[in-house]
Amino acid sequence: MLSSKTFVRAAKAMAPAIHIPARTYAQAGANWAAQKVAMSNLEQDKFINYQRIEDNLEIVRRRLNRPLTLSEKVVYGHLDNAEEQDIVRGQSYLKLRPDRVACQDATAQMALLQFMSAGLDQVAVPTTVHCDHLIEAQVGGVKDLARAIDINKEVYDFLATATAKYNIGFWRPGSGIIHQIILENYAFPGGLMIGTDSHTPNAGGLGMVAIGVGGADAVDVMADIPWELKCPKTIGVKLNGKLNGWTSPKDIILKVAGILTVKGGTGAIVEYLGDGVDSISCTGMATICNMGAEIGATTSMFPFNERMGDYLRATNRGEIANYAKQFGHNLRADSDAQYDELIEINLDTLEPHINGPFTPDLATPLSKFKEAVKANDWPAELKVGLIGSCTNSSYEDMARSASLVQQASDHGLKLKAKYTVTPGSEQIRATIERDGIMETLTNAGGVVLANACGPCIGQWDRQDIKKGDKNSIITSYNRNFTGRNDANPATHAFVASPEIVTALTIAGDMTFNPLTDSLTGADGKPFKLSPPHGNELPPRGYDAGENTYQEPPTDRSQVQVSVADDSNRLQILKPFEKWDGKDIQEVPILIKAKGKCTTDHISMAGPWLKYRGHLDNISNNMLIGAVSAADGAVNAVKNIFTGETKGVPDTARDYKAEGIRWVVVGDENYGEGSSREHAALEPRFLNGAAVITKSFARIHETNLKKQGMLPLTFANPADYDKVDPTDKVSIIGLTDFQPGKPLTLRLHKATGGQEDITVNHTFNQGQIEWFKAGSALNLMKEKAKAN
């Protein structure tokens, strides 16, 4: 039997077999193509292709001759060529055919600019663009939305016309956050979707393999090119027991993040299984999959069950629910399927967790959090509680939070800390307004923000503190890196369930434990909050609210894409130069970064989001958050030729003006966080040649390859310490660049002498061709011309 601590982490390559009650092999003779079930109510001419999955899996089963996990069924079911595809977990590069693509507005700008340069007439697969990233939270939803529409008109006009031109669905500003819109309208069990946002895995709550990628990957799929993914390993998370009391689905992923850390899931798909799955709502499963991005996982997913069916029916997709139930043998793992790693969690004894500050994997059980606050000198006063976001903005989340606020109101209390509420979609906003939930929250002092990302991604004009003030906030978001929410590095940001966020906001105290501590009512009498409660789905059904969807026009021939020549927000892309056929010789190190260097450090969001469609302008934020190993400075590096100290992008521009290439040296898990490809485009644009690190986050490594950069890792991570920021470096072996063959990093010391270090890469032959062509997009154009 498992201990009461309830988790086991297997360190071996293959965990013991996990037994699933029923055999789940293919149903012989079924003709899935005969049923025409639309992917979405908004795309009645696009159908779910279960027949392809069935046919592919028949081939894969014959070849592998072993049981398959759930994610293997879905991934291998979308192989471009199942008969010839090499399939080895953690080694092979799979060529896949995703069912659809989703883009949020900040990343869509660059993705669409790249697609336009490919010269194609329309996208090859169903694609949508969602306006959620460019709306800054200031005073409240209505005014903030109006302001964003005015400020970002140029970008919204570009997105509206480009989507119309290329047959792409467009969700206008105010519609909601991409992941909630996808869950409500497009996700379906057994589907494969890629999205230009790292929290795309949210759709795993509906049994979909949904993977965050950079814009260049999206362009491949939009252009009908098979998408490439390193064959994922599988991590099983077996859930036993049942959620109860104050514990919520968010606490499962907070616990898992503490176990696996921010890089423990890298290269793997996390599959949830066990009898505890059925105690979680569909939107709760989506919460867990959403935050799986914070452990570096390729994606996360759940097996199809009736909770998903209930949600599909509630969102007017009952036909999909029925179809998925019939196809259930391929929407759950086979008996005796084996995982590369296994974690077990007992939901009966799982307690609420609070993670942070400054990293989403610092997990503390609520019972020990008061002690941690005091021991670490974290600010005990809670300044702001923030609920909602793409991670936790379901009807259930809002209803359970409102049940706590109502208890406080019944005792005459208002919220002691500031409290913001971000509805995940217009449908959620309209429904909670109709059902009185919004009124409960606002009457107690809550402020409802726009249906957008807002403070979760740094779109927050925070006025209650000054930059540099040490303070605490707690959110139901997914990510809490330094300065991410409010651009204040002294803000201690913690992540919890919306219920715990709400309880602490009522108290205004980070040390408050609602399970054990009492509040004092207006009558002076103490009382304890009862555990939260709320309906999983709205009893009266969802209210769709305002229609914010723009369908592509039937006749697209006359649509003109709007890009002004003098724009400082949008810029037509120019191709990067091809590789010159030579090794890289004696180039400077622009910066040797130490410690955590996320995509927020490499290409900040917040006020920089407005330049996401203008590569030259946004490159002025390149690596301005990285910490220099030379002296601990931020955004200050020395030009090794002139001795002048400037900002990182300024020094890079000086090198570029002289025709000098350069490299970056980084630490562990370099590029973790967002999927933003700008973190790869900017170094390439400013004449970078390579990024050499101890290890990379998956999406960022791929993004660098796509743009013609060299992501390299030290064969011996300790060699990082041999590199001095004043060294010049050569990269030897490019003239014989081959898959699996290491390269040599030669350090030319400023004091004289040199030292050779072995560096590894993960390029396959196709990716080497990207490098030689100057970028994946260049290679696509070359092939198009040749044909």
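Residues numbered from 1 in each chain as written. Predicted model: local features only at pLDDT ≥ 70, side-chain atom pairs only at ≥ 80, totals over all residues. Heavy atoms only, no water.

(A) How the structure looks around the pattern of salt bridges. Within the structure shown, the criterion is met by 45 salt bridges. Salt-bridge contacts for E381 lead to K383; the nearest nitrogen and oxygen are separated by 3.7 Å. For E381, a relative accessible area of 48% translates into the label partly exposed. (Salt bridge = Lys/Arg side-chain N within 4 Å of Asp/Glu carboxyl O. Buried < 20%, exposed > 50% of the residue type's maximum accessible area, 1.4 Å probe, protein only.)

(B) Seen up close, the nonpolar core. Core analysis: the largest hydrophobic core is formed by 198 residues, its most contacted members being Y50, Y76, L239, I252, Y272, F302 and L623. With sequence-adjacent residues up to four places away left out, L239 is seen in contact with I252, Y272, L273, G274, D275, G276, V277, I280, F302, I345 and L347. Formed by 25 residues, the second largest nonpolar core is a distinct cluster that contains I589, A690, L712 and V759. (Core = buried A, V, L, I, M, F, W, Y, C linked by side-chain atoms within 4.5 Å. Contact = heavy atoms within 4.5 Å.)

(C) Up close: the packing of aromatic side chains. Within this structure, the stated rule accounts for 18 aromatic pairs. Arranged with centres 4.6 Å apart and planes meeting at 35°, the rings of Y50 and Y323 form a pair that is tilted. Of the two residues, Y50 sits in helix α1 (residues 50–64) while Y323 sits in helix α11 (residues 318–326), which places them 273 residues apart along the sequence. Relative to F771, the ring of F737 has its centre 5.6 Å away and its plane inclined at 90°; by these criteria the two rings are edge-to-face. Taken as a pair, F737 in the loop between β30 (728–732) and β31 (743–748) and F771 in helix α22 (residues 765–773) lie far apart in primary sequence, 34 residues in all. In this pair, the class of F737 matches that of F771, namely buried. One aromatic cluster is present, formed by W32, Y50, Y323 and F327 through successive ring pairs. Positioned above the aromatic ring of F47, the side-chain terminus of K36 is 5.5 Å from the ring centre. In this structure, K592 is placed above the aromatic ring of Y720, and the distance from its NZ or CZ to the ring centre is 4.2 Å. (Phe/Tyr/Trp six-rings, centres within 6.5 Å; stacked < 30°, edge-to-face > 60°. Helix = DSSP H or I, 4+ residues; strand = E, 2+ residues; numbered from the N terminus. Lys NZ or Arg CZ within 6 Å of the ring centre and 35° of its normal.)

(D) Examining the sheet that holds strand β29 (residues 710–714) more closely. Strand order in the closed barrel formed by seven strands is β24-β27-β28-β29-β32-β31-β30, with mixed pairing between adjacent strands. Mean inter-strand twist for the sheet, computed between neighbouring axes without regard to direction, equals 40°. Here β29 runs beside strand β32 (residues 754–760); their pairing, made up of two bridges, is antiparallel. Across the sheet, F714 pairs through a bridge with V759, a residue of β32. The sheet strands contacting helix α19 (residues 648–657) are β24 (584–592) and β27 (662–665), and the helix crosses β24 at an angle near 165°. (Pairing = 2+ DSSP bridges. Axes fitted to C-alpha atoms, helices over the stretch in contact; angles between N-to-C directions.)

(E) Geometry of the packing of helix α3 (residues 105–117) against helix α7 (residues 215–222). Running from amino to carboxyl end, α3 crosses α7 at an angle of 45°, the nearest separation of the two axes being 9 Å. In terms of axis orientation, α3 runs oblique to α7. As α3 packs across α7, the resulting crossing turns out to be right-handed. The segment α3 lies against α7, with A111, L112, Q114 and F115 engaging G215, A216, V219 and M222. (Parallel < 35°, antiparallel > 145°, perpendicular 65-115°, else oblique. Left-handed = near helix turned anticlockwise from the far one by under 90°.)

(F) Representation of the pairing of β27 within the structure. The alternating pattern of β27 places W662 and V664 and V663 and V665 on opposite faces, both of which are buried. Judged from the three bridges that link them, β24 and β27 form a sheet pairing that is parallel. Bridge assignment links I589 to a residue of β27, and that residue is V663. Here four bridges tie β27 to strand β28 (residues 688–693), and the two strands are oriented parallel to one another.

(G) View of the confidence of the model for the protein. On average, the protein scores 94 in pLDDT, and the residues at 70 or more come to 96%. Low confidence marks residues 1–29, where pLDDT is under 50. Its contacts with residues over four positions away, or in another chain, come to 70 contacts. (pLDDT = per-residue confidence, 0-100.)

(H) Highlighting α22. Regarding α22, the residues found buried are Q767, I768, W770, F771 and A773. Capping of α22 at its N-terminal end is provided by N764; its side-chain oxygen lies 3.1 Å from the backbone amide nitrogen of G766. G774, located one to two residues past α22, shows a positive phi value of around 105°. (Polar contact = N/O pair within 3.5 Å; in protein donor to acceptor, adjacent residues only side chain to side chain.)

(I) Quick peek at the sheet that holds strand β10 (residues 233–240). Taken together, four strands build an open sheet; the order of strands is β12-β11-β10-β13 and the sheet is parallel. In this open sheet, the two strands that pair with only one neighbour each are β12 (299–301) and β13 (341–346). Each strand axis lies, on average, 20° off the axis of its neighbour in the sheet, ignoring direction. The sheet contact formed by β10 and strand β11 (residues 268–273) spans six bridges and is parallel. Paired with T234 across the strands is I269, a residue of β11. Each of β10, β11 and β13 is contacted by helix α8 (residues 249–260), which is oriented at about 135° to β13, the strand it contacts most.

(J) Layout of the environment of T247. Mapped onto the elements of the fold, T247 is located in the loop between β10 and α8. Expressed as a C-alpha distance, the spacing of T247 and P532, which sit 285 residues apart in the sequence, is 9.3 Å. Setting aside anything within four residues of it in sequence, one finds T247 in contact with L350, E351, P352 and R400. Engagement of the side chain of T247 in a polar contact is seen with the backbone oxygen of L350, the distance being 2.8 Å.

(K) Local environment of the pairing of strand β7 (residues 192–195). Residue alternation in β7 divides its side chains into two sets, L192 and I194 and M193 and G195, and both sets are buried. Bridge count for strand β4 (residues 100–104) against β7 is three bridges, and the pairing is parallel. Looking across to β7, one finds that V101 is bridged to I194. Here β7 runs beside strand β8 (residues 209–212); their pairing, made up of four bridges, is parallel. Pairing of M193 across the sheet is with A210, part of β8.

(L) Region of the structure containing the side chain of D361. Take D361: it is sitting in the loop between β14 (353–355) and β15 (363–365). The side chain of D361 sits in the buried core without any salt bridge; K596 is the nearest counter-charge, 5.6 Å away. In terms of polar contacts, D361 uses its side chain to reach the side chain of T359, at 2.7 Å. With residues near it in sequence (within four places) discarded, D361 still touches A257, G258, T261, V262 and N355. (Lys, Arg positive; Asp, Glu negative; His and termini not counted.)

(M) Layout of the side chain of D99. By the element assignment, D99 lies in the loop between β3 (93–96) and β4. A polar contact of 2.7 Å, which involves the side chain of D99, links it to the side chain of H78. Residue contacts for D99: discarding those within four places in its chain leaves M39, R52, H78, V125, P126, F188, G191 and L192.

(N) Geometry of unusual backbone geometry. With an omega dihedral of 5°, the bond running from G356 to P357 counts as a cis peptide bond. Mapped onto the fold, P357 is located in the loop between β14 and β15. Positive phi, normally seen in glycine, also occurs at N167, with a value near 65°. Phi angles above zero are rare outside glycine, and D336 is one such case at about 65°. As for its placement among the helices and strands, D336 is situated in the loop between α11 and β13.

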